[in-house]
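Commentary on secondary and tertiary structure
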Amino acid sequence: MTSPSSARRALRRGLALATTALVAAGAAVATVPSAATAAPTPRNGIVCTTGGPSAADHQPVFDLTTRTGYIDLPDGNTMFMWGYSNGFDAFQHPGPVLCVHEGDQVTVILHNTLPEASSIVFPGQEGVLADGVPSQPQTDGTGMMSSLAQPAAAQSGTVTYSFTAHHAGTFLYESGTDPEKQVRMGLFGALVVRPTLGDDYAYDSADSRFNPSEEFMVLLSEIDPYQHQAVERNKPFNLTTYKPRYWLINGRGYPDSIADNGASWLPNQPYGSLATVKPYQPDPTKPGYHPESGMARYLSVGSEDYPFHPHGNNGLVVGRDGRPMKTDAGQDLSMEKFAINIGPGQTWDVLFRWFDAEHYSKENPVPTTVPDLANQVVGTFYSGSPYLGNKEALPPGVESLNQCGEYYIISHNHALYQITSWGVTMTGPITYMRIEPPEPNTCN
């Protein structure tokens, strides 16, 4: 942990402004450095690392290297972290999103550069091997458990883990060595196993289909800065005093959380969380035909529940911890949720649709009296109109980042004390859903 300087604070303020400006900008494409894939990275949505050329033969290979580095936080602070980099790239947080297919023979090669031994475990995967033998807990000379899997030695050790991805779903991968230290320092990432039915399905069932352009990751984590400071200074840390002061979504806090994937001013934090969607419209004879759901993959590596709440939007939970919400006999156990209460180590797969249930428009106005302008507070993203696709004049002196009459609806951790950054309120795990007006529109 380093103390913020005045110059750092000024830079952060500039970055926050640039973040919000980019939300309203066009559909440019950023690129996240990747050793496994050179494909362009989408501006929003999940960013997959696909395991190199052998992935086409269902044998993806990932090299993950432990690195140290720093991330930026919303209060102007920076934080010393550990992380998995893709291949032999520089530090990033969180680790790359590993995307494979059901039935793939997956190989993950850990290259450890840390000053202590480290390993990787894959919760939910079966038959994991480490250097060709079963991956299993390790003990030291006294019989005490030292690691949940065979570790790579400090500084330059290597271990090759392999398994068959038997089940579709969303999973974590994380350090199995001293996890109360190493996972909290940042050694974690997401593993997505796509089903045989296709990449646009969550599971091997027709009712789990989603639009691939509307697939999003919500990876929630936390930081106790005193633990990170102790590790950086090679000092002991008393775990009984552990107390998070920062909470993050995809490794960022708001407003950085809604910046694009690969934002240049966040070189070590490549993943944004803004969810850009189109209104659900299942009728092909009507404008804006858009018949598929969006997909949100929730994951938590925190120490307590995170009740995440996307405003104005129910979600259909179709999977938990990499298992579909169905019985062996096929009975549907999916459920609607207005808030997703994610426990430590859990993953939730949620389909969602946005639509205007009341069909409000200028011709069918909202039945309420609009307050006098003197009593209004105009938000940063307001278009000047309550109707999707419309822009109206704003009060003199008021500027908006709204581009084309789109809506912005907040999503955030509903444990409100967790949407802070060491006391700075309305930061942390907050993001937005941006609803584009039906096409044709003036968005770009």
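Just so we're clear, the structure is a prediction, and the values are computed from it rather than from any experiment.

Here we look at the overall build of the protein
In terms of regular secondary structure, the protein is built from three helices and 26 strands. A compact globule built from 444 residues should have a C-alpha radius of gyration of about 22 Å, and the protein, at 22 Å, falls within 12% of that. Principal axes of the C-alpha set define a box for the protein whose edges measure 75 × 60 × 40 Å. The burial tally for the protein puts 52% of its 444 residues in the buried class. Pairs at least 24 residues apart make up 68% of the contacts formed inside the protein by residues separated by at least 6 positions. For the protein, the accessible surface area stands at approximately 19200 Å², while carbon and sulfur atoms represent 55% of it.

A look at the UniProt feature "domain: Plastocyanin-like" (unreviewed entry) in the protein
Feature annotation in UniProt assigns "domain: Plastocyanin-like" (unreviewed entry) to the following positions: residues 92-195. As annotated, residues 92-195 comprises 4% helix and 39% strand, and the C-alpha atoms at either end are separated by 28 Å.

Overview of the pattern of salt bridges
Across all of its chains, the model carries 15 salt bridges by this definition. Among the salt bridges present, the one from D207 reaches K326, with a minimum N-O distance of 3.1 Å. You can see D207 sitting in the loop between β12 (188-194) and β13 (210-223) and its partner K326 sitting in the loop between β19 (323-324) and β20 (335-337), a full 119 residues away along the chain. One continuous salt-bridge network, built from bridges that share partners, spans R194, E215, R297 and D349.

Overview of helix α3 (residues 225-232)
Within α3, six of the eight residues are buried, which leaves the element mostly enclosed by the surrounding structure. Considered for burial, the residues of α3 that qualify are P225, Q227, H228, Q229, A230 and V231. Between the side-chain oxygen of the N-cap and the backbone nitrogen of Y226 there are 2.9 Å, and the N-cap of α3 in question is D224. After α3 finishes, the residue N234 shows a positive phi value of roughly 55 degrees.

A few points about the nonpolar core
Here is a general trend for soluble globular proteins: nonpolar side chains tend to be buried in one another's company. One finds V108, I120, F122, Y161, Y173 and L191 to be the most contacted residues of the largest nonpolar core, which totals 29 residues. Elements with a minimum of two residues in this core: β2 (61-72), β3 (78-86), β4 (97-101), β5 (105-111), β10 (158-164), β11 (169-174) and β12. With 24 residues, the next largest nonpolar core counts A296, Y306, V317 and L388 among its residues.

Some words on the packing of aromatic side chains
Taken as a whole and judged by the stated rule, the model has 14 aromatic pairs. Between the aromatic rings of F122 and Y161, the centroid separation amounts to 6.0 Å while the plane-to-plane angle is 65 degrees, which identifies the pairing as edge-to-face. Of the two residues, F122 is situated in the loop between β5 and β6 (129-130) and Y161 in strand β10; the sequence distance between them amounts to 39 residues. On the basis of relative accessible area, Y161 is assigned to the buried category, the value being 0%. Aromatic side chains Y254 and Y432 sit 6.0 Å apart centroid to centroid with 45 degrees between the ring planes, which places their arrangement in the tilted category. Remark: Y432 occurs in strand β26 (residues 430-435) and Y254 occurs in the loop between β14 (246-249) and β15 (275-277); sequence separation between them is 178 residues. On the basis of relative accessible area, Y432 is assigned to the buried category, the value being 15%. Joined through ring pairs, the aromatic side chains of Y254, F381, Y408 and Y432 make up one cluster. The ring of W348 has R320 sitting right over it, with the charged end atom 4.3 Å from the ring centre.

Description of the sheet that holds strand β17 (residues 306-310)
Read across the open sheet, the five strands follow the order β15-β26-β23-β17-β21; overall the sheet is mixed. Both edges of this open sheet fall to β15 and β21 (340-342), since each of them pairs with a single strand only. Across the sheet, the mean angle separating the axes of adjacent strands is 20 degrees when strand polarity is ignored. Sheet analysis places β17 next to β21, joined by three bridges and oriented antiparallel. Bridge pairing in β21 places P307 opposite N341.

A few points about the sheet that holds β3
Strand order in the open sheet made by the six strands is β3-β2-β5-β10-β6-β7, with mixed pairing throughout. Here the strands that pair on one side only, and so sit at the sheet edges, are β3 and β7 (133-134). Sheet contacts for α3: β2 and β3; angle to β3, the most-contacted strand, approximately 75 degrees.

Some words on the state of the cysteines
Applying the stated criterion across every chain yields a total of two disulfides. Here C48 engages in a disulfide with C99; their sulfurs sit 1.9 Å apart. In this structure, the disulfide formed by C48 and C99 twists by about -70 degrees around the S-S bond and is classed as left-handed. A residue pair is termed long-range when its members are at least 10 positions apart, and C48 in strand β1 (residues 48-49) and C99 in strand β4 qualify at 51 residues. Take C99: its relative accessible area is 7%, and that puts it in the buried class. A disulfide bridge connects C404 with C443, and the sulfur atoms are separated by 1.8 Å. The disulfide joining C404 to C443 has a torsion of about 75 degrees about its S-S bond and is therefore right-handed. Here C443 lies in the segment after β26 and C404 lies in the loop between β22 (347-352) and β23 (407-413), a separation of 39 residues in the sequence.

What counts and what doesn't
Once a new chain begins, its residue numbering starts again from 1 and follows that chain's sequence as written. Reporting of local features is limited, given that this is a predicted model, to residues whose pLDDT is at least 70; pairs of side-chain atoms are given and counted only at 80 or more, and all residues count toward the totals for whole chains, interfaces and linings. Side-chain metrics rest on all non-hydrogen atoms present in the structure, leaving aside hydrogens and water. Every helix listed is a DSSP run of H or I at least four residues long, and every strand listed is a run of E at least two residues long, numbered separately from the N terminus. A radius of gyration in this sense is built from C-alpha atoms; the matching globule rule multiplies 2.2 Å by the number of residues raised to 0.38. Three exposure classes are used, based on accessible area relative to the maximum for each residue type with a 1.4 Å probe and protein chains only: buried under 20%, partly exposed in between, and exposed over 50%. Any two residues whose heavy atoms approach within 4.5 Å are treated as being in contact. Each accessible area is a Shrake-Rupley result for a 1.4 Å probe, and residues are judged covered by the shown protein chains and nothing else. UniProt positions are given in the numbering used here, feature names are shortened, and annotations may be inferred rather than shown by experiment. When a carboxyl oxygen of Asp or Glu is within 4 Å of a side-chain nitrogen of Lys or Arg, the pair counts as a salt bridge. As used in this structure description, the phrase polar contact means that two N or O atoms lie within 3.5 Å; if the pair is within protein, one of them must be able to donate a hydrogen and the other to accept it, and residues adjacent in sequence are counted only when both atoms belong to side chains. Nonpolar cores were defined as sets of buried Ala, Val, Leu, Ile, Met, Phe, Trp, Tyr and Cys residues, with membership established by side-chain atoms within 4.5 Å. Paired rings are identified among Phe, Tyr and Trp, the last through its six-membered ring, by centres lying within 6.5 Å, and are further divided according to the angle between planes into stacked (under 30 degrees), edge-to-face (over 60) and tilted (the rest). We call a charge positioned above a ring when the Lys NZ or Arg CZ atom is no farther than 6 Å from the ring centre and deviates by at most 35 degrees from the ring normal. The criterion for strand pairing is that DSSP finds at least two bridges linking the strands in question. Under this scheme, a helix contributes an axis fitted over its contacting stretch, all axes are lines through C-alpha atoms, and angles between N-to-C directions fall in the 0 to 180 degree range. Pairs of cysteine sulfur atoms within 2.5 Å are what we label disulfides.

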